[in-house]
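Letter by letter, the chains look like this.
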Amino acid sequence: MIVVTNTSPLLNLAVIGEARLLPELFGRVTAPNMVREEIDSLRLRDQRFRSADTANAAAFATVRDASRVALLSLHLDPGEAEAIALAIELRADLILLDERRATRAARQLGLRTLGLLGVLLLAKRKGLIDQVRPLLDRLETDAGFWIAPDLRQQVCRAAEE
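Just so it is clear, the model here is predicted, and its values are computed rather than measured. Residue positions within a chain follow its written sequence, with the count starting from 1. A pLDDT threshold of at least 70 governs which residues receive local features in this predicted model, and a stricter bar of 80 or more applies before side-chain atom pairs are shown or counted, although totals over entire chains, interfaces and linings include all residues. The side-chain numbers reported here are obtained from all heavy atoms of the structure, hydrogens and water having been left aside.

**Q** Would you mind going over the overall build of the chain in detail, with residue names and values included?
**A** Under the scheme used here, helices are H or I runs from DSSP no shorter than 4 residues and strands are E runs no shorter than 2 residues, and both carry numbers assigned from the N terminus. In terms of regular secondary structure, the chain is built from nine helices and five strands. In terms of overall size, the chain behaves like a compact globule, its C-alpha atoms giving a radius of gyration of 15 Å where 161 residues would be expected to give roughly 15 Å. Seen along its three principal axes, the alpha-carbon backbone of the chain occupies a region of about 45 × 35 × 30 Å. We call a residue buried when its accessible area falls under 20% of the maximum for its residue type, exposed when it is over 50%, and partly exposed in between, using a 1.4 Å probe and counting protein chains only. Scored against the burial criterion, the 161 residues of the chain give a buried share of 49%. Contacts in the chain between residues at least 24 apart in sequence constitute 66% of all its contacts with a sequence separation of at least 6. Throughout, the radius of gyration refers to the C-alpha atoms, and the reference size of a globule is 2.2 Å times the residue count to the power 0.38. Residues are treated as being in contact if the distance between any of their heavy atoms lies within 4.5 Å.

**Q** Would you mind going over the layout of surface pockets in detail, with residue names and values included?
**A** The rule is simple: put a 1 Å grid over the protein atoms alone, call a set of points where a 1.4 Å probe fits but cannot get out a cavity, call an open set with protein on both sides within 12 Å along at least five of seven lines a pocket, and count a residue as lining if it has an atom within 4 Å of a point. Grid points are joined across faces, edges and corners, and a volume is the space filled by probe spheres set on the points. For the largest pocket, the calculated volume is near 910 Å³. What lines the largest pocket is a set of 35 residues, and nearest its centre among them are Leu97, Asp98, Glu99, Arg100 and Phe145. Of all the secondary-structure elements, those providing two or more residues to the lining of the largest pocket are helix H1 (7-15), helix H3 (33-45), helix H6 (100-108), strand S5 (113-114), helix H7 (116-125) and helix H9 (149-158). Each residue receives one of three labels: charged for Asp, Glu, Lys and Arg, nonpolar for Ala, Val, Leu, Ile, Met, Phe, Trp, Tyr, Cys and Pro, and polar for the others, Gly being one of them. Residue composition of the lining of the largest pocket, by class: 14 nonpolar, eleven polar and ten charged.

**Q** Mind laying out unusual backbone geometry, listing which residues take part and the relevant values?
**A** One non-glycine residue, Arg91, lies in positive phi territory at about 55°. Relative to the elements of secondary structure, Arg91 occurs in the loop between helix H5 (78-90) and strand S4 (94-96). For Glu160, which is not a glycine, the phi torsion comes out positive at approximately 60°. In this fold, Glu160 is placed in the segment after H9.

**Q** Can you lay out the packing of helix H8 (residues 133-143) against H9 for me, pointing to particular residues and giving the numbers?
**A** Axis angles are defined between N-to-C directions and span 0 to 180 degrees, where every axis is a line fitted to C-alpha atoms and, for a helix, only to the segment in contact. At a closest axis distance of 10 Å, the pairing of H8 and H9 adopts a crossing angle of 155°. Looking at the two axes, H8 sits roughly antiparallel to H9. Contact residues: Arg133, Leu136, Asp137 and Glu140 in H8; Arg152, Val155 and Cys156 in H9. Here the contact of H8 with H9 is composed, by residue class, of three nonpolar, no polar and four charged. Small angles under 35 degrees read as roughly parallel and large ones over 145 as roughly antiparallel, with 65 to 115 read as roughly perpendicular and the rest as oblique.

**Q** Can you explain the nonpolar core? Please cite residues and give values.
**A** Nonpolar cores are built from buried Ala, Val, Leu, Ile, Met, Phe, Trp, Tyr and Cys residues. Side-chain atoms within 4.5 Å join them into one set. Phe26, Leu120 and Leu136 are the most contacted members of the largest nonpolar core, which has 40 residues in total. Contributions of two or more residues to this core are made by H1, helix H2 (21-26), strand S2 (29-32), H3, S4, H7, H8 and H9. Counting residues per element, this core draws most heavily on H7, which supplies six residues. Once residues lying within four places of it in the same chain are set aside, the contact partners of Leu136 are Leu117, Leu120, Ile147, Arg152, Val155 and Cys156. Ranked by size, the runner-up nonpolar core spans 18 residues in total, among them Val4, Leu76, Ala85 and Ala102.

**Q** An account of the packing of H3 against H5 is needed here, citing residue identities and associated values.
**A** One can describe the packing of H3 onto H5 by two numbers: an axis separation of 8 Å at closest approach and a directional angle of 155°. Relative to H5, the element H3 lies roughly antiparallel. Two packed elements cross with a definite hand, and for H3 against H5 that hand is left-handed. Together, Asn33, Met34, Val35 and Glu38 of H3 and Pro78, Gly79 and Glu82 of H5 make up the contact between the two elements. Partitioning the contact of H3 with H5 into residue classes produces three nonpolar, two polar and two charged. Helix crossings are classified by the rotation of the near helix relative to the far one: an anticlockwise turn of less than a right angle makes the crossing left-handed, while a clockwise turn makes it right-handed.

**Q** Tell me about the side chain of Glu82, and name the residues and values.
**A** Its place among the elements puts Glu82 in helix H5. The contact partners of Glu82, leaving out residues within four places of it in the chain, are Pro32, Asn33, Met34, Val63 and Val69.

**Q** Outline the sheet that holds S4, listing residues and values.
**A** The sheet built from five strands is open, its strands ordered S3-S2-S1-S4-S5 with parallel pairing. Taken across any chain shown, the strands that pair with only one partner, and hence form the sheet edges, are strand S3 (59-61) and S5. Note that S4 and S5 share two bridges and pair parallel. Looking at S5, one finds that Ile95 is bridged to Thr113. For two strands to be treated as a pair, DSSP must find at least two bridges joining them.

Laid out in structure tokens, this is it:
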């Protein structure tokens with residue numbers, strides 16, 4: 001299975017010490033070099049990201065189609081644009097994204113998407129984690145990851161918690 005990730009799923013899982021879930025769920029996960037740059041920049045600017053260990057969670061790759069990245073960058077941030085372009089180049093089976101606009105763009109381009117909360121639900125279904133709710137708590141408190149209350153309820157119901 002070919003999986004590409006954007007910054008948010010990779011970094012936020014790393015902040016809560018669960019980046020291991022990506023390779024355990026999907027095998028090799030690839031991210032564009034811009035994601036590494038975004039993570040490095042966030043580590044310098046924000047204390048909560050300084051100790052986030054992403055080293056074994058994803059491999060990084062260069063996107064070849066600069067014109068596709070430029071076009072996508074008109075409406076998306078650089079990491080999202082490169083992640084979508086890389087997913088197209090690699091013919092990825094799945095792209096991990098959290099932002100609504102990026103998810104919509106990826107789907108319009110024929111890509112299958114999954115967000116961070118979907119990753120957690122999948123990890124629970126596969127027995128890699130016991131509970132989702134404590135990880136949601138840590139995402140909000142440790143990573144500053146915002147989860148709408150109704151979405152949080154839906155995720156907890158789906159996790160049967």
